[in-house]
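The lines below spell out each chain.
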Amino acid sequence: MPETQFVIVTQAESGQKLLQFLERRLTGDVPRSAIQKWIRTGQVRVDKGRKKPFDRIEAGQTVRIPPYTPGESKQVSEAGDLKVAYEDAEVLAVAKPAGLAAHGGDGVTDSVTARLRAKYRDAAFMPTLAHRLDRDTSGLLLAAKSYEALRELNDLFASNGVAKVYLAWVEGRWDEPDGTLLEDVMEKRGEPGRERVRTGSGKTALARVTGLSVGRDRSLLAVRLLTGRTHQIRVQLASRGHPVVGDRKYGKADSRTSRTSMRLHCYALHVGERTISLNPTWSGGWEVDREALQKALGLLFD
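Everything in this summary refers to the structure shown in the same document. As the structure is a prediction and not an experimental result, all values here were calculated from the model.

Some thoughts on the sheet that holds strand E1 (residues 5-8)
Point 1. Spatial ordering of the open sheet is given by E1-E3-E2, a layout of three strands whose pairing is antiparallel. In this open sheet, the two strands that pair with only one neighbour each are E1 and strand E2 (45-46).
Point 2. Sheet topology note: the E2/strand E3 (residues 62-65) ladder contains two bridges and is antiparallel. Following the sheet pairing, Val46 is matched in E3 by Val63.

What to know about the pairing of strand E5 (residues 91-96)
Point 1. When you tally the buried positions in E5, you get six out of six residues, the bulk of the element.
Point 2. Of the two faces of E5, both are covered, the one formed by Val91, Ala93 and Ala95 as well as the one formed by Leu92, Val94 and Lys96.
Point 3. Here strand E4 (residues 83-87) runs beside E5; their pairing, made up of four bridges, is antiparallel. Bridge pairing in E5 links Glu87 to Leu92.

Brief notes about the environment of Gly193
Point 1. Looking at the element boundaries, Gly193 is found in the loop between strand E9 (180-189) and strand E10 (196-199).
Point 2. Residue Gly193 is classed as exposed on the basis of its relative accessible area of 71%.

Points about the packing of aromatic side chains
Point 1. Counted by the stated rule, this structure contains one aromatic pair.
Point 2. A ring pair is formed by Trp169 and Trp286, whose centres lie 5.6 Å apart and whose planes are at 75 degrees; its orientation type is edge-to-face. Residue Trp169 is found in strand E8 (residues 163-171), and its partner Trp286 is found in the loop between strand E14 (274-277) and helix H6 (290-298); the two are separated by 117 residues along the sequence.
Point 3. When its relative accessible area of 5% is taken as the criterion, Trp169 is described as buried.
Point 4. The ring of Trp169 is capped by Arg218, whose NZ or CZ atom sits 4.9 Å from the centre of that ring.

Rules used in this analysis
Residues numbered from 1 in each chain as written. Predicted model: local features only at pLDDT ≥ 70, side-chain atom pairs only at ≥ 80, totals over all residues. Heavy atoms only, no water. Pairing = 2+ DSSP bridges. Helix = DSSP H or I, 4+ residues; strand = E, 2+ residues; numbered from the N terminus. Buried < 20%, exposed > 50% of the residue type's maximum accessible area, 1.4 Å probe, protein only. Phe/Tyr/Trp six-rings, centres within 6.5 Å; stacked < 30°, edge-to-face > 60°. Lys NZ or Arg CZ within 6 Å of the ring centre and 35° of its normal.

Laid out in structure tokens, this is it:
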């Protein structure tokens, strides 16, 4: 039979709202609506007292969690492990493969967050993603290992304090000079589930682009993002006649194309004092040589 639990808030969890704390501790076993009801009806107690869902908790406090049976909707990914490209006491960087969603939902059960939950199930604070990548994009994803680190990363991303460089193979010959600034305004349009990002109105999107290998039919580009709009790189390049190779939404590819075929990769991040890079695993003529990788890495500091 399930039993009442009394758990101690760790330093890594300190400062969270009570609802966030419980959602992370229960790793998806209990729906948010049920947790909110527990709190509202006093079944959850903090140091024997009642709290509201958005009250913050501190290290050393004792939280009472009522008995529960894990819901049948609980999903723990067994589809594969995650490669960790970098890790320290505060953050880790996941090597996300193309085709794997960052978050679950809408029928998606396998995701980076599900694999993190499985890999770090016994951690004091389950590593939590601080940003996202499109499902078909590969590369670096940062996750925080404590609530304090998550707040710091969120603040940095919100203020464009994280430098990001992507690699992209695009259709056609790229003849623009190194460091060309792409500037557009863009926004989502269309029915829910069928939205597309279009230029012409909305929020400003900025990126700098440098050619690394230019051919007649395709070109390898390094893109330094200066803003973080949805599908930004894909839309900005496609609108200029250079869609990302394998892009099923904005390029020449269609829904029959594999999700792993898009040639867009988050290659390097500079956050705080950390510089993290991850080479793409492309093969079959899509490889990126050492000289191009070094040139792209240098864009982090331009």
